[in-house]
Amino acid sequence: MAVRRVFSVVLAAVLVVGVIVAIVVGRERGSGQSLETVRGVVGSEKAPFFADPDVVAAFAAHGLRVTVDPAGSRQISEIDLAGYDFAFPSSFPLAERVQRKQGVTTAYAPFYSPMAIASFAPVMQLLSRASIAERMPDGHWVVDVEAYLAAARKNLRWDQIPGNTAYPARRNVLVTTTHPRDSNSAAMYASVVSYVANGNAIVRDIGGVPKVLDEVSALFLGQGYLENSTEGPFESYLANGLSYSPLVWVYEAQFLGRQFRRDGSIRDGMVLAYPSPTVLSKHTLVPLGDDGDRVGRLLTQDPELLRLAARHGFRTADANALANFAAGAGVDPPPPLVDVVDPPSYQVLETMLDAISRRYQQ
Amino acid sequence: MKALALAVLLLAVAGCSPSSPEDDPNTLRVLAGSELADLQPILDELKRATGVRVKLTYTGTLDGVEQVYSGQAAASYDAIWFSSNRYLQLHGGVDQRIGIQTKVMSSPVVLGVRQPVAKSLGWDTKRPTWTEIADAARARTFTYGMTNPSASNSGFSALVSLTSALSGSGSALTEPEVTGAAPQLREFFAAQALTAGSSGWLADAFERRVRGGDPIGGLINYESVLLSLNARGTLPEPLVLVYPTDGVVTADYPLTMLTGASAEARGRYDTAVEYLRRPEVQRPIMERTYRRPVVPQVATDGRFGGGTLVEVPFPVHLDVANALIQSFNDVTRRPPSTIYVLDLSGSMRGERIDALKSAMLGLSGADSSLSGRFSRFHGREQVTLVTFSSQPANPLTFVVPGDAPQPVLDEIRDVVNEWRAGGDTALYDALVVAYEIAAEQVRAAPERVTTIVLLSDGERTSGRDLAQFRDFYRGLPPPTRAVPVFPVLFGESAESEMAEVASLTGGRTFDGRSALATAFKEIRGYQ
């Protein structure tokens, strides 16, 4: 397993470096300026950001050429980080783990994305009749996780919701996620549902895991076969819509990034709902040297990079940036987040995910 | 003169190409399901556009699964490409064998129903549930063809959808639900009129039945196969595609890297995947192969009907998936009646008879591989052995009990171990004996699926010839004529005669010349 991971990281690196070199070489000819190369390993959902030519140019303006190896966020905390100037996983617990392993105390959290549910307006209306979803005065949808868990506990099926013409499926009301073994987004899902299953309290220690394990596991195993990467379910949602799944667990940034691109992939009736509570995927950069530290600082402070992060759908310290892009793309501004909980510690989360994964083997 | 010109031309062409395709270093070696053969024109264009050659080597679903989890696949291939990885990924340790996977296209498993049948059942205007389909099957107002779930993904997908629906389950199936659905499944499968080991052959066989004036109600298959069949224009009227409202299982064709492939292979994989997912490539994939696109920029056109489909949760435990197959084979399917007509003439001496014995012993339980376990003689199966040399030997019939099969399987093994080769080849006399037995069985037990396997390593040298057999066959009553012969090519088999026997009886030939046991296992999907 470890061999495969390192291997694929290296391979991906070769490709990414190739692209970046091509772009940078083109620019350098113009400026005649030499760039310092900084290497990072980043959660794969951020690879498109670093590959964006405008992002490359923004770093080049500061004399940096940033090359990244995409990896699953949960892998970043396990692989050998020698030779890297920074690690950039997609959640705070994973960054914490890297910090501990590397003996680093600093960290930058330049952007974040709440977890959300890609769905459809008629499905949300249906869930509101079952008191699971509610439309806020500003128009955005909120899914009440407590009501959702209560429905799941009763094995509520879509076709049991009265007056259901939108999706009368003989299938349990369950959010489609990725496999808990592989992906950070599934870990974020486990964070939210374990919080609610634990009586609206973070599972503080490993001893608290068994209490919520049955309920959280059922939310994964009941779905049937699960995919490995967050990109897979979201793409199937875009391509096949309701025929794929009525509820898909995603990063807000995935949905917004697509909307801002205005490529027609977000069609009429597709809506992004917010679970309450939700959890933030805090993309946290751990510097492993001075160069990595510069990247962290630039991502946090450089106005151009912050603007570009917003274009990729990430939230930053500048609350207006995302709203501006939303206005430009003709979509509703993302709502302020009121009900946000912290994920459990790395150790608790890993214990929980391992225990869930083991149930697939039984 | 013409020949000379052609030779010059060929030389010129050969001179142009830098190397033969076999040693093209820019090749992604892919172990694939045979239904991907229709993608070859797209792959040729991929090669022209990117320089990367995607070379598909075909194998059966279960054999592919076995090669991947044993690690054997990685020795010869860089990637795999089957209709689905779901069953594969239920096997422990597979996650260490496979890397990144990218969906390329998709096709749900649905029903194609002949128009008069669809109209009389009202399915042309209102989508039925699986329960309604099962009700029609029980009433015999709907008969159908479906592939064998242990041999083909489309059959297995249908079995998952159907079992989920009949069990009333809204989440992934459990073993008690599989067991509980057995009585209803048995009624459903009683109406199955056609079986096959491959989705493509099933469509061909269905078409033959319709055009031969012996139509069945419909067939369960990939949407892509059904749309292709309609597009051929060979049916009197196109099939109505029926999408059960309570669920389908969709094949998503993930092109999947194998662990241990080289960095160069990974580069070729990335190139191939990037190309195949371009909107301008997804569109021709949709138009030529009738599979649905996977990128949002390409919308499905009007031929892809059904409205909203409900994707059935796929089992998460290997035990559940295997219980589905086992229960189908031993409990819910129409029990098979299988007649083996086997050549023990002098030319079979040595390696040949050893290969035959080993193939038959494999089916009697000696083959413990995954494909071997699913292809052994099933509970309730009736196995008849008709060996022949200068004349047919006395037929031996065994019935494998559903609960304790081992003693009967042991009896079969004892008989097989006693076989000795010697004498002439009274091939057609033996086939006549087989049909006489078949006639009796079809009369006595019409609920059974009766088929004949014919193995000979050479020409007939005594008794009836092909013409005489043909006359005999044509004189048989229609229900017995419906029993197909599956000839296995072996040694110096009379290939064209075997092909004629197959087409005369509605069977097909299998090539056992390189691996006889593999051919015998493959035939199990058709029995």
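Structural notes, computed from the coordinates.

The rules we used
- Residues numbered from 1 in each chain as written.
- Chains lettered and ligands numbered in written order.
- Predicted model: local features only at pLDDT ≥ 70, side-chain atom pairs only at ≥ 80, totals over all residues.
- Axes fitted to C-alpha atoms, helices over the stretch in contact; angles between N-to-C directions.
- Helix = DSSP H or I, 4+ residues; strand = E, 2+ residues; numbered from the N terminus.
- Parallel < 35°, antiparallel > 145°, perpendicular 65-115°, else oblique.
- Contact = placed C-beta atoms within 7 Å.
- Buried ≥ 20, exposed ≤ 12 C-beta atoms within 10 Å, placed from the backbone.
- Arc of directions from axis to C-beta.
- Pairing = 2+ DSSP bridges.
- Nonpolar A, V, L, I, M, F, W, Y, C, P; charged D, E, K, R; others polar.

A word on the packing of helix α8 (residues 184–197) of chain A against helix α15 (residues 346–359) of chain A
Residues and elements named next belong to chain A.
Turning to step 1, where the next piece is worked out: As a packed pair, α8 and α15 sit with axes 10 Å apart at the nearest point and diverge in direction by 100°. Relative to α15, the element α8 is oriented roughly perpendicular. Contacts between α8 and α15 involve Ala187, Ala190, Ser191 and Ser194 from the former and Leu349, Met352 and Leu353 from the latter.

A short note on helix α6 (residues 121–129) of chain A
Residues and elements named next belong to chain A.
Turning to step 1, where the next piece is worked out: Burial in α6 covers these residues: Val123, Met124, Leu126 and Leu127. The buried residues of α6 occupy an angular sector of 155° when the element is viewed end-on, so they sit on one face.
Turning to step 2, where the next piece is worked out: On the buried face of α6, the contacting elements are β4 (108–120), β5 (133–135), β6 (141–144) and β8 (270–276).

Quick look at the sheet that holds strand β2 (residues 53–59) of chain B
All names here are of chain B.
Turning to step 1, where the next piece is worked out: With respect to topology, 5 strands assemble into an open sheet ordered β2-β1-β3-β11-β4, the strand pairing being mixed. The open sheet has two edge strands, β2 and β4 (98–103), and neither has a second partner. In this sheet, adjacent strand axes meet at a mean angle of 25° when their direction is disregarded.
Turning to step 2, where the next piece is worked out: Taken together, the 3 bridges between strand β1 (residues 27–33) and strand β3 (residues 79–81) define a ladder with parallel strand orientation. Each residue of the ladder has a partner; that of Leu31, found in β3, is Ile80.
Turning to step 3, where the next piece is worked out: Contacting β1, β2, β3 and β4, helix α3 (residues 61–69) runs over the sheet at an angle of about 130° to β1.

Remarks on the interface of chain B and chain A
It is common to give the size of an interface as the accessible area that goes away when the parts come together.
Turning to step 1, where the next piece is worked out: Listed by partner, the interface residues are 28 residues for chain B and 30 residues for chain A.
Turning to step 2, where the next piece is worked out: Breaking the side of chain B that touches chain A down by element, the ones donating at least two residues are β4 and α13 (263–276) of chain B.
Turning to step 3, where the next piece is worked out: When residues in the side of chain B that touches chain A are grouped by element, the largest group, 3 residues, is from α13 of chain B.
Turning to step 4, where the next piece is worked out: Among the residues making up the side of chain B that touches chain A, the classes are represented as 14 nonpolar, 9 polar and 5 charged.

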